Amino acid sequence: MPNHRITKKHMRKNYIHQFHEMKRCMERQEEMMNELIEQLNRQKEILNLYYKEYQELKRHQEKQYLMTYIRMRESMLRDMEIYEQRQQTHTQGYRLLSMYVNEYTDMLEERGVEIVECQVEEIFDPEIQKPIERINVGRAEDDNVICKVYSSGYRWHGLVLKEIDVAVGIYK
């Protein structure tokens, strides 16, 4: 009978020991899982940064692409002004330029570019207009008012790609 008691006592100790071993093993597994979760979260952050960088690069490339077409459109508009000053709007060259300007305008608008215009006698807006000339004016109410418009402005998804070039009145 005493052997039987020792055996039960021994078995109980053995069960307790196994229980504690399993508990330690589960705690180690929990630590390992937490480390894995932490690593996955870091990798997710890194991937998000790469994705943001990729989106920024893509947006920058699209902006450069659009700026090329904006410069070409503006150049053709200046050439059309020369034809108009010479009263040669009936020529084939003028008609071709006009057709190309329309195509570039359509292409830019299809890509979400807004062509921004302004008028003479409007108040100067530094958000979208760039003063390339300052003209002395004789009246105080003409101060900071647009005297001449040289080119269009362009905005893409809220980002100003090119300001409107203007002459602004300065009252002294």
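Our structure's up above, just so we're on the same page.
Summarised in this report is the structure supplied together with it.

Calculation criteria
Residues numbered from 1 in each chain as written. Predicted model: local features only at pLDDT ≥ 70, side-chain atom pairs only at ≥ 80, totals over all residues. Heavy atoms only, no water. Core = buried A, V, L, I, M, F, W, Y, C linked by side-chain atoms within 4.5 Å. Buried < 20%, exposed > 50% of the residue type's maximum accessible area, 1.4 Å probe, protein only. Helix = DSSP H or I, 4+ residues; strand = E, 2+ residues; numbered from the N terminus. Contact = heavy atoms within 4.5 Å. Pairing = 2+ DSSP bridges. Axes fitted to C-alpha atoms, helices over the stretch in contact; angles between N-to-C directions.

Topic: the nonpolar core
If you look at soluble globular proteins, the nonpolar side chains tend to sit buried side by side.
Stage number 1. Among the nonpolar cores identified, the biggest contains ten residues, and these are Leu66, Met67, Ile70, Met107, Leu108, Val113, Ile115, Tyr154, Trp156 and Leu161.
Stage number 2. When contributions to this core are tallied by element, the ones reaching two or more residues are α1 (2–85), α2 (92–110), β1 (113–116) and β4 (153–156).
Stage number 3. With three residues, the single largest contributor to this core is α1.
Stage number 4. Look past the residues within four positions of Met107 in its chain and what remains in contact with it is Tyr65 and Tyr69.
Stage number 5. By size, the runner-up hydrophobic cluster in this structure holds eight residues, among which are Val116, Ile128, Ile146 and Ile164.

As for the sheet that holds β1
Stage number 1. In spatial order, the strands read β1-β4-β5; together these three strands make up an open sheet with antiparallel pairing. In this open sheet, the two edge strands, each paired with only one partner strand, are β1 and β5 (159–162). Across the sheet, the mean angle from the axis of one strand to that of its neighbour is 30°, orientation sign disregarded.
Stage number 2. Relative to β5, β4 is paired through three bridges, and the arrangement is antiparallel. Bridging across to β5, Trp156 finds its partner in Leu159.

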